Amino acid sequence: MQRDEIRSNMTLSPLIRIIAVRLAQALATAWVLATLCFAFVHALPGDAALRIAAARVGEDRLTQEITDRIRREEGLDRPLIVQYAHWIGRLAQGDLGNSLVTRKPVLSELAYHARFTLGLGLAGWLLSYLIALPLGLSAGLRPGGAVDRTSQGVAVLLASTPSFLIGILLISLFALSLRWLPPAGYRTGWHMLLPALTLALGLAAYSVRVIRNAVVDVRSAFFMTFAQIRGLDPATAFRRHGVRSAAIPIVTFMALQMGYVIDGFVVIETLFNYPGLGDLLIKSLLARDVPMIMGTGIIIGLMFALANLLADLACLWLDPRQRLQGAT
Amino acid sequence: MSAIATLGISNNAAPLGLRVGIALIAVLALLCLIGPWLPLADPNAQDLLRTLAAPSLAHPLGTDHLGRSILSRTVHGAPRSLGIAVICVAIATSVGLLLGLVAAAGNRWTDGLIMRLADLVLAFPGLLLALLLAGLMGGGIIPMMIGIKLTLWPQFARMARATARVTLQEAHVEAARLAGLSQLHILRHHLLPPVLRQTISLATLGVGAAILSISSLGFLGLGLQPPTPEWGAMISELLPYVAEAPVQMAAPCLMIVTSVLGFTLLGEGLTAQLVGSDT
């Protein structure tokens, strides 16, 4: 009985804490974005109703009648605090409104564009580990060797290159010179390869070094020496005891990289004219389409929180020490 | 934070990297200082008869799609990109350090308030907040600077708070307090040195990150507005002509990579040196 209680404490409480933290993170981003957008709509000089009307029907067909109707519909004639409460309340019900430009519901636009971004993010992320894992492992197993020095040099150079430059280089090489791949747009799966590779190279520039350092640290740990004293050969010792320990900093780093993934896809999608959320965000920002900006921002914030949650859970699963922390 | 820490602790090539970093930054600083006074063409003077011209004596790096001198635009872009980055980091560092120290010294409520504020900013991935601010406020230098500073300060606040809290527990601080030395003396002689030591390398890396952010915002059309010669905006303007004008394209690209590389190498070199001297 008592034992069961201890066990449930051990596994449950850090889990709940992690989920609560990430839920708070998601809610906080949504609230800040909503407030920011609200402040923007009401802080701009001039008549908000007039602006919305102009965005909807176009400057030339604008009449007083339409403006007044929009003022009533959007509740722009009520006190600011009431409007704010209404704004947040609508968001809390999951109503993101309609795009000012296309007039379609924001939610359906987001659903359409999100799958392109998820595909790109996932492909880029997987590709980055396809590049970084073998390089980082071989560099970490022979620190100071040729692979180590070359990969570190290339990594520093790549990390100093903005993602749009990596993309331009890849387009020049693979699309314009060699003509192997399409340069931009999205029609077939091949169109995803160059943007994904751009994202992957930017990510791998950082993760190669993290993987290398994790492997170096684990190899010099006491438990590895002990495993070898016990008679395991180095390769078996590393497989049985090293991999899991080395994975912890690597997985933690994956979550930190999500920030880069999101910067990356906003810039990369714009460069490649790829119909994902980043492209949508930039286009809405340039068009001042506030409901769309808010919706895109919130969904990106949610994706970030979710990715962090997954990384936290993975660390909890890999590292028994973290599970024990909650029990004390 | 920990990403930067992880990156910093490495390799035996640090002294070389440090020297290269210092050299790169020295050259760039010189360029920023004397660049605007060099006898170059007006960076905004258009010559529509000589668009996308190949490198010549008059325009050593060629001209862009409006016939403007690439060399002149690239040189004039240096004080903008680098200057804005340095100013942003300087302000973000001071604000971050101040808030971090207040959090470490203050009671539970101030500490909680400041740290939750930092968490709130860190809840936004990467550039998103800067992007939204710049976009909603219509681009330009002020929204961009606010956005970049806003995303940078929490890491300095967290670092200052963590370092200060550890230092305050140490014996020499206790001894100073028992010896009756003033709060100000403890702050200046016991607290600031370790905090500043950590700050220098973090701030140097921060300048590199800020240059990347500025050029990315410029590339997206949400940073400095045309016709200002800014490297990111130049690249985005030249992008449709990349096949015809590779030299013109390469100039701002190389400048961005060189300056970020310089600050990264310097920052990492400093971290390696300081970590070495601490242990």
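Throughout, a residue's number is its position along its own chain's written sequence, starting from 1. Note on labels: chains are lettered from A, ligands numbered from 1, in written order. Totals for whole chains, interfaces and linings use every residue, but because this is a predicted model, local features are given only for residues with pLDDT of at least 70 and side-chain atom pairs only at 80 or more, for both listing and counting.

### Thoughts on the overall build of chain A
Consideration 1: Where helices and strands are cited, they refer to DSSP runs of H or I of at least four residues and of E of at least two residues respectively, numbered from the N terminus. Looking only at helices and strands, one finds 13 helices and zero strands in chain A.
Consideration 2: Between the buried cut of 20 or more and the exposed cut of 12 or fewer other C-beta atoms within 10 Å of a residue's own C-beta lies the partly exposed class, and all C-beta atoms are placed from the backbone. Buried positions account for 39% of the 328 residues belonging to chain A.
Consideration 3: Here the contacts in chain A between residues at least 6 apart in sequence split such that 73% fall between residues at least 24 apart. Any residue pair is listed as a contact if its two C-beta atoms, each placed from the backbone, are within 7 Å.

### Some words on the overall build of chain B
Consideration 1: On a plain count of helices and strands, chain B comes out with 10 helices and zero strands.
Consideration 2: For chain B, the succession of helices and strands along the chain, N to C, is α-α-α-α-α-α-α-α-α-α.
Consideration 3: C-alpha extents for chain B along the principal axes are approximately 80 × 45 × 30 Å.
Consideration 4: Classification of the 279 residues of chain B by burial places 49% in the buried group.
Consideration 5: If you take every contact in chain B between residues at least 6 apart in sequence, the share linking residues at least 24 apart comes to 69%.

### Examining the packing of helix α12 (residues 290-318) of chain A against helix α5 (residues 128-136) of chain B
Helix-helix packing: each pair is described by the crossing angle between the helix axes and the interaxial distance.
Consideration 1: Packing of α12 of chain A against α5 of chain B leaves a shortest axis separation of 11 Å and a crossing angle of 175°. On the basis of their axis angle, the class for α12 of chain A and α5 of chain B is roughly antiparallel. On α5 of chain B, the residues that touch I293, G297 and I300 of chain A of α12 of chain A are L128, L132 and G135 of chain B.
Consideration 2: Polarity classes work like this: nonpolar for Ala, Val, Leu, Ile, Met, Phe, Trp, Tyr, Cys and Pro, charged for Asp, Glu, Lys and Arg, and polar for all others, with Gly in that last group. Classifying every residue of the contact of α12 of chain A with α5 of chain B gives four nonpolar, two polar and no charged. Think of each axis as a best-fit line through the C-alpha atoms, taken over the contacting stretch in the case of a helix, with angles from 0 to 180 degrees between the N-to-C directions. Note that the term roughly parallel is reserved for angles under 35 degrees, roughly antiparallel for angles over 145, roughly perpendicular for angles of 65 to 115, and oblique for everything else.

### As for the packing of helix α11 (residues 277-287) of chain A against α12 of chain A
All names here are of chain A.
Consideration 1: Here α11 crosses α12 at 150°, and the two axes come no closer than 9 Å. When the interaxial angle is binned, α11 and α12 end up roughly antiparallel. Remark: the crossing between α11 and α12 carries left-handed chirality. Mapping the contact onto sequence places L277, L280, L281, S284 and L285 in α11 and M292, I293, T296, I299 and I300 in α12.
Consideration 2: Residue composition of the contact of α11 with α12, by class: eight nonpolar, two polar and no charged. Left-handed describes a crossing whose near helix is turned anticlockwise from the far helix through less than a right angle; right-handed describes the clockwise counterpart.

### Describing the interface of chain B and chain A
Consideration 1: In this complex, chain B contributes 35 residues to the contact, which on the side of chain A involves 40 residues.
Consideration 2: Secondary structure elements with two or more residues in the side of chain B that touches chain A: α1 (2-8), α5, α8 (183-220) and α10 (246-278) of chain B.
Consideration 3: Grouping the constituent residues of the side of chain B that touches chain A by class yields 24 nonpolar, 11 polar and no charged.

### A short note on unusual backbone geometry
Residue and element names in this part refer to chain A.
Consideration 1: For N273, which is not glycine, the phi dihedral falls at a positive 55°.
Consideration 2: On the secondary structure map, N273 appears in the loop between α10 (234-272) and α11.
Consideration 3: For N273, a count of 13 C-beta atoms within 10 Å puts it in the partly exposed group.

### A look at the environment of L110 of chain A
Residue and element names in this part refer to chain A.
Consideration 1: In this structure, L110 sits in helix α5 (residues 106-141).
Consideration 2: Owing to 19 C-beta atoms within 10 Å, L110 belongs among the partly exposed residues under this scheme.
Consideration 3: As a C-alpha pair, L110 and L277 span 167 residues in sequence and 7.2 Å in three-dimensional space.
Consideration 4: With residues near it in sequence (within four places) discarded, L110 still touches G295, T296 and I299.

### Side note on the confidence of the model for chain B
Low pLDDT marks stretches whose predicted atomic positions should not be read closely.
All names here are of chain B.
Consideration 1: What pLDDT reports is the predictor's confidence in each residue, on a scale of 0 through 100. The predicted model of chain B has a mean per-residue pLDDT of 82, with 93% of residues at 70 or higher.
Consideration 2: The weakest mean pLDDT in chain B belongs to α1 at 42; the strongest belongs to helix α3 (residues 70-105) at 89.
Consideration 3: Taken together, the stretch residues 1-13 has pLDDT below 50 and engages in 22 contacts with residues farther than four places along the chain or on a different chain.
Consideration 4: Among the prediction metrics, the complex's ipTM stands at 0.79, with pTM recorded as 0.82.

### Thoughts on the environment of H76 of chain B
All names here are of chain B.
Consideration 1: Along the chain, H76 turns up in helix α3.
Consideration 2: Along the chain, H76 and L30 lie 46 residues apart, while their C-alpha atoms are 12 Å from each other.
Consideration 3: Those residues in contact with H76, other than ones at most four positions away along the chain, are G35, P36, P43 and P229.

### Here we look at the environment of A123 of chain A
Residues and elements named next belong to chain A.
Consideration 1: Assignment of secondary structure puts A123 in helix α5.
Consideration 2: Sequence separation of A123 and V267 is 144 residues, and the distance between their C-alpha atoms is 16 Å.
Consideration 3: In this structure A123 touches M192 and A196, once residues within four positions along its chain are discounted.

### Topic: helix α6 (residues 146-159) of chain A
Residues and elements named next belong to chain A.
Consideration 1: Any helix carries an expected span of 1.5 Å times its number of residues minus one. The first and last C-alpha atoms of α6 sit 20 Å apart over 14 residues, in line with the 20 Å expected at 1.5 Å per residue.
Consideration 2: Those residues of α6 that fall on the buried side of the exposure criterion are D148, S151, Q152, A155, V156 and A159. The buried residues of α6 occupy an angular sector of 135° when the element is viewed end-on, so they sit on one face. Pointing more than 90 degrees away from the buried face of α6 are the exposed residues A146 and T150. The arc in question is formed by the directions pointing from the helix axis toward the C-beta atoms.

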